Amino acid sequence: MKYLNNIKLSLVAAAFVCTGTVFTGCEDDLTISGATDKLETVDGVYGYVRSAAGARELTPITLFGDKAGTGHLFFELTKVAEQDVAVTFKIDKDALEAYNEANNTSYEMYPVDKLSLANGGKITVKAGEKKSASMELNISAGGTIGTTYAVAISATADGGATVSTNNQTYIYLVKPQPTYPVRGTARDVKTLCFVEVNNESILNCGEYTMAKDGTPFFDVVSIFAANINVDSETGRAHIFCNDQVSFLLKNADQIIRPLQAKGIKVNMTILGNHDESGMSSLSKEAAEDFAKELKLMLIFMVWMVSILTMSIQIIRRIQVRGLKSVPVQIIAA
């Protein structure tokens, strides 16, 4: 057995030696065939269209009844801008057709008259920065219920930046759905259920109904939980989602939307995670910075932040420090 192990180790070592030889031999003799004018090298400044919430392309935005939806995008450079870079986003039907042709898909463009970009799609990456502020894509109700549409947003840039051909367009899916059901009478008591999603499915909450009228028993379901953590390098408080929470958010259409369609509000809870970060320990500036990150995390649903531990004391401490309330209830993606 030792003999065989020695043979294996010798072969591995030989493989590393050969690999090193190949890399060393090619270091000065690399040849690139074909056109090179579009290669993104370290000598250029390139820009990309990104989801402000970090959502993957083809993320769905669901519209219920006459309710509008919102997408959030930004423009990011590969290097810090030496001067202001003027960026113009546009709703681009041609880009969607190109995507369909390249990916063998057949997405239909959402009615263009129901779409608009804030500030006419114009935004700036300021000198000394790499990212623009968030650009809102406003989506009014329209289209056929049950149909999956798409919206392609492209961008152009002036000021020394070239838009990357790999990420010059971002595409949302838009899914019109029926109106939320409305209860006939208001309830005196609201019921809320916290679900530990590491082990249980929030869909179970939709199976409990009132015997009298068949409406959902739970008014609010809270996902337990995303975390607030401190970045050890920057010192910033940020949001962390474990694998189970991330899976739930990425599959919102299958897990979250069915509850919302029954009239149940779905909340995300934010919980401390065994470090020095916490809502009560944030300075005014740090709290405002964390609130901005919370806003960018409103990807798939109407979010409401629930503080679990010592909530009354924490809210009072924040108020004592003079913090202004930050609205975070948005239908976004």
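Residues numbered from 1 in each chain as written. Predicted model: local features only at pLDDT ≥ 70, side-chain atom pairs only at ≥ 80, totals over all residues. Heavy atoms only, no water.

Trainee: What is the right way to read the overall build of the chain from this model?
Mentor: Counting its secondary structure elements, the chain contains seven helices and 16 strands. Per-residue burial over the chain gives 38% buried out of 333 residues. A separation threshold of at least 6 residues defines the contact pool for the chain, and within that pool the share at least 24 residues apart is 78%. Surface exposure of the chain reaches about 19500 Å², of which carbon and sulfur atoms provide 54%. (Helix = DSSP H or I, 4+ residues; strand = E, 2+ residues; numbered from the N terminus. Buried < 20%, exposed > 50% of the residue type's maximum accessible area, 1.4 Å probe, protein only. Contact = heavy atoms within 4.5 Å. Areas by Shrake-Rupley, 256 points an atom, 1.4 Å probe, with all protein chains shown as cover.)

Trainee: Explain the packing of aromatic side chains here, please?
Mentor: Any aromatic ring pair is given by two values, namely how distant the centres are and how the planes are angled relative to each other. This model, assessed by the stated rule, comprises four aromatic pairs. Consider the rings of tyrosine 208 and phenylalanine 218, whose centres lie 5.8 Å apart with planes at 80 degrees: the pair is edge-to-face. Of the two residues, tyrosine 208 sits in the loop between strand S12 (192-196) and strand S13 (220-230) while phenylalanine 218 sits in the loop between S12 and S13, which places them ten residues apart along the sequence. Overall, phenylalanine 218 belongs to the buried group, its relative accessible area being 12%. Pairing phenylalanine 217 with phenylalanine 218 gives two aromatic rings, centres 5.0 Å apart and planes at 80 degrees, and the pair type is edge-to-face. On the basis of relative accessible area, phenylalanine 217 is assigned to the partly exposed category, the value being 33%. (Phe/Tyr/Trp six-rings, centres within 6.5 Å; stacked < 30°, edge-to-face > 60°.)

Trainee: How should the nonpolar core be read in this particular structure?
Mentor: Where a protein is soluble and globular, its nonpolar side chains tend to be buried together. Of all hydrophobic cores here, the largest spans 37 residues; its most connected members are Phe75, Val85, Val87, Phe89, Tyr110, Ile139 and Val151. At seven residues, strand S9 (residues 149-158) tops the list of elements feeding residues into this core. When sequence neighbours within four positions are dropped, the list of residues in contact with valine 151 reads Met109, Tyr110, Leu115, Leu137, Tyr170, Ile171, Tyr172 and Val174. Grouped together as the second largest cluster of nonpolar side chains are 28 residues, Val221, Val245, Leu249 and Ile256 included. (Core = buried A, V, L, I, M, F, W, Y, C linked by side-chain atoms within 4.5 Å.)

Trainee: Is there a simple way to think about the pairing of strand S11 (residues 169-177) in this case?
Mentor: Within a regular strand, side chains alternate between the sheet's two faces. By the criterion of burial, S11 is predominantly enclosed, with eight of the nine residues buried. As paired strands, strand S2 (residues 60-64) and S11 are joined by five bridges and run parallel to one another. If you follow threonine 62 over to S11, its bridge partner there is lysine 175. Here S9 pairs with S11 via six bridges, running antiparallel. Note on S11: the bridge partner recorded for serine 154 is threonine 169. (Pairing = 2+ DSSP bridges.)

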